[in-house]
Amino acid sequence: AQSPYSINRLIDFSASESNALFYAPYDQRPASTYSASDAQLMRPKVHRDLTRLHDDLVFMKTHNACLSVHGIPLCTPEYTQGAIYILRDPRDVAISYSAYTGQSLDQIIRFMNKVQAANRGTDAQVFELLGSWSIHVDSWTRQNNHKFLVLRYEDMLARPAETFGKVIAFLGGESEPERLARAIEFSSFANLAAQEKSHGYAANAPDSAAAFFRTGQAGQWRGILSEAQRLAIETDHQLMMRKFGYL
């Protein structure tokens, strides 16, 4: 491609597994009325259906932890070819998530440490189990499986060619330097923010006044978090932060 792909056309080759539209064929009630058990009984069927969206690879986005609810996996193994997991410094996550939800930093810091943290179901999407930041990270990264690729957001910024080269190799392709450089340029934060400013971004929170693509920086927490907020996050998530080089 000689121009950036539209951020509002990513559904051409990807899908959000919690999108209520995919569950409607199995239960015509408003999705906000589904119980967690209702959603879980449908989830494996929905995941099977999603594999049939395209003849080629289907990229499925999920916010779920890699756990089970009511004895049913949130990520159905038999319909999963592999997974790319991206983690980010939780101190920066708190700032970004606060801006996205409109909740205070202190509220988000507490939420990120809740064992049963979840996004409740709405008419637009079924429920998602997040767990705490540490539980979420552990659930995906403890998989001793060649089908799982773990990336740090900070490495995507600092060493994009190397990091995205790993993604290409993981997907079974070979890096072509010119194409890779062009893809990195087209998917740069500046490009994404410019697209959102010009055309909006459909995946942003419906009532959000804030831009989805705000800064994209690593280490912004240094100038934003109070000492108490920083210490709270580092205390809550010390083990996982050390494991991935954030402390």
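Within the protein chain, the secondary structure is distributed over 10 helices and eight strands. In terms of overall dimensions, the protein chain is globule-like: its C-alpha atoms have a radius of gyration of 18 Å, near the 18 Å expected for 247 residues. By principal-axis analysis of the C-alpha atoms, the protein chain measures approximately 45 × 45 × 40 Å. Accessible surface, the protein chain: about 14,200 Å² in total, of which carbon and sulfur atoms supply 54%. In the protein chain, which carries 25 positive and 26 negative side-chain charges, the distance between the mean positions of the two groups comes to 3 Å.

Before going further, it helps to spend a moment on a nonpolar patch on the surface. A surface patch of nonpolar side chains, about 670 Å² in accessible area, is lined by Tyr5, Leu10, Phe13, Leu57, Phe59, Ile84, Ile86 and Leu171. Note that Ile84 resides in strand β5 (residues 83-87).

Side chains of β5 alternate between two faces, with Ala83, Tyr85 and Leu87 buried and Ile84 and Ile86 left unburied. Where β5 and strand β8 (residues 148-152) come together, five bridges link them in parallel fashion. Opposite Ile86, over in β8, you have Leu151 as the bridge partner.

Parameters and conventions
Residues numbered from 1 in each chain as written. Predicted model: local features only at pLDDT ≥ 70, side-chain atom pairs only at ≥ 80, totals over all residues. Heavy atoms only, no water. Helix = DSSP H or I, 4+ residues; strand = E, 2+ residues; numbered from the N terminus. Rg over C-alpha atoms; globule rule 2.2 N^0.38 Å. Areas by Shrake-Rupley, 256 points an atom, 1.4 Å probe, with all protein chains shown as cover. Lys, Arg positive; Asp, Glu negative; His and termini not counted. Charge placed at Lys NZ, Arg CZ, Asp CG, Glu CD. Patch = residues over 30% accessible without salt bridge, like charges linked within 9 Å, V, L, I, M, F, W, Y side chains within 5 Å. Salt bridge = Lys/Arg side-chain N within 4 Å of Asp/Glu carboxyl O. Buried < 20%, exposed > 50% of the residue type's maximum accessible area, 1.4 Å probe, protein only. Pairing = 2+ DSSP bridges.

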